[in-house]
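As a plain string of letters, each chain reads:
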Amino acid sequence: MKATGIVRRIDDLGRIVIPKEIRRTLRIRESDPLEIFTDREGEIILKKYSSIGEMNSFAKQYSDSLAQVSGRIAVIADRDRYIAVSGGMKNLLGKHVSKDVERKMEKRETVVAKLGEKNFVALAEDENDCVSQAIAPIICEGDVVGAVFLLSTEQKESIGDVERKLVLSAAAFLGKQMEL
């Protein structure tokens, strides 16, 4: 554990403020769920909670199936990281989603775009292999919890309406699964 040197007091309602610098560094936004852990030494540990992360093995199986059916690279992300990748681009696994992807999720936008088009988004900071993409947000109980991606790295393989429908269907299915 890393000490920050920051000390905060608990108010009369039991609340404590997480400093802005830490929230920014850890990408904690207003209304993000935090999981609370305690240990035997009396430490309290806050961890960002990911409902999709709870379904990690299911997400991997679903991305495998989606990649097999579509013949494309299938990726599933929670709001912060890529948690399942199948069919290629394994380097994305565990990386943070880009700010552009975060914005698309927050706006609940579905994206179908090719490299160079206005709507095209970079997936991660150092990722530039993708040339065509379809992205749909996963919505669970009214909240955006992640996204489903179908990607192509080949110029001659364009992503179109079929892939758009596949990511929309996958995102709706995953959202419903998390509600159960």
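The structure displayed is predicted, hence computed values, not measured ones.

1. A short note on the pairing of strand 4 (residues 82-86)
The element strand 4 is largely enclosed, with a buried count of five among its five residues. Where strand 3 (residues 73-78) and strand 4 come together, four bridges link them in antiparallel fashion. Residue pairing in the sheet places V75 in a bridge with V85 of strand 4. In sequence, strand 3 turns back onto strand 4 through a hairpin of three residues.

2. With respect to the pairing of strand 7 (residues 143-152)
Among the 10 residues in strand 7, nine count as buried, and that is most of the element. Of the strand pairs in this sheet, strand 3 and strand 7 are connected by six bridges, and their pairing is antiparallel. Among the inter-strand pairings, I73 is bridged to a residue of strand 7, identified as L151. Here nine bridges tie strand 6 (residues 132-140) to strand 7, and the two strands are oriented antiparallel to one another.

3. Thoughts on the pattern of salt bridges
Here the structure, examined in full by the defined rule, presents 12 salt bridges. A salt bridge links D11 to R15; the shortest N-O distance between them is 2.8 Å. The partner of K104 in a salt bridge is E109, with the nearest N and O atoms 3.0 Å apart. The class of E109 is partly exposed, set by a relative accessible area of 25%.

4. Side note on the environment of L13
The topology assignment puts L13 in the segment before helix 1 (20-25). The sequence separation of L13 and F149 amounts to 136 residues, and the corresponding C-alpha distance is 42 Å.

5. With respect to helix 3 (residues 99-106)
Three or more residues of helix 3 are buried, namely V101, E102, K104 and M105. Axial view of helix 3: buried residues confined to an arc of 160°, hence all on one face. A positive phi of about 60° marks R108, the residue just after helix 3.

6. Things to note about the sheet that holds strand 6
Reading across the sheet, the five strands line up as 4-3-7-6-5 and stay open at both edges, with antiparallel pairing between neighbours. The two strands at the open ends of the sheet, each matched to only one other strand, are strand 4 and strand 5 (111-114). Within the sheet, the average angular offset between the axes of one strand and its neighbour, ignoring direction, is 15°. The pairing of strand 5 with strand 6 spans four bridges and is classified as antiparallel. If you follow A113 over to strand 6, its bridge partner there is Q133. Where helix 3 meets the sheet, its contacts fall on strand 3, strand 4, strand 5 and strand 7, and the angle it forms with strand 7 comes to roughly 125°. With respect to the sheet, helix 4 (residues 161-179) is in contact with strand 3, strand 5, strand 6 and strand 7, its orientation differing from that of strand 6 by roughly 25°.

7. Topic: helix 4
The end-to-end C-alpha distance of helix 4, which contains 19 residues, comes to 27 Å, matching closely the 27 Å that a straight helix rising 1.5 Å per residue would cover. Taken together, the buried positions of helix 4 are occupied by E163, V167, A170, A171, L174, G175 and M178. The arc enclosing the buried residues of helix 4, seen along the axis, measures out at 130°, which places them on a common side. Seen from the open side of helix 4, the exposed residues pointing more than 90 degrees away from its buried face are V162 and K176. Its buried side turned inward, helix 4 meets helix 2 (56-70), strand 3, strand 6 and strand 7.

Here is what the cut-offs are and how they apply
Residues numbered from 1 in each chain as written. Predicted model: local features only at pLDDT ≥ 70, side-chain atom pairs only at ≥ 80, totals over all residues. Heavy atoms only, no water. Buried < 20%, exposed > 50% of the residue type's maximum accessible area, 1.4 Å probe, protein only. Helix = DSSP H or I, 4+ residues; strand = E, 2+ residues; numbered from the N terminus. Pairing = 2+ DSSP bridges. Salt bridge = Lys/Arg side-chain N within 4 Å of Asp/Glu carboxyl O. Arc of directions from axis to C-beta. Axes fitted to C-alpha atoms, helices over the stretch in contact; angles between N-to-C directions. Contact = heavy atoms within 4.5 Å. Expected span 1.5 Å × (residues − 1).

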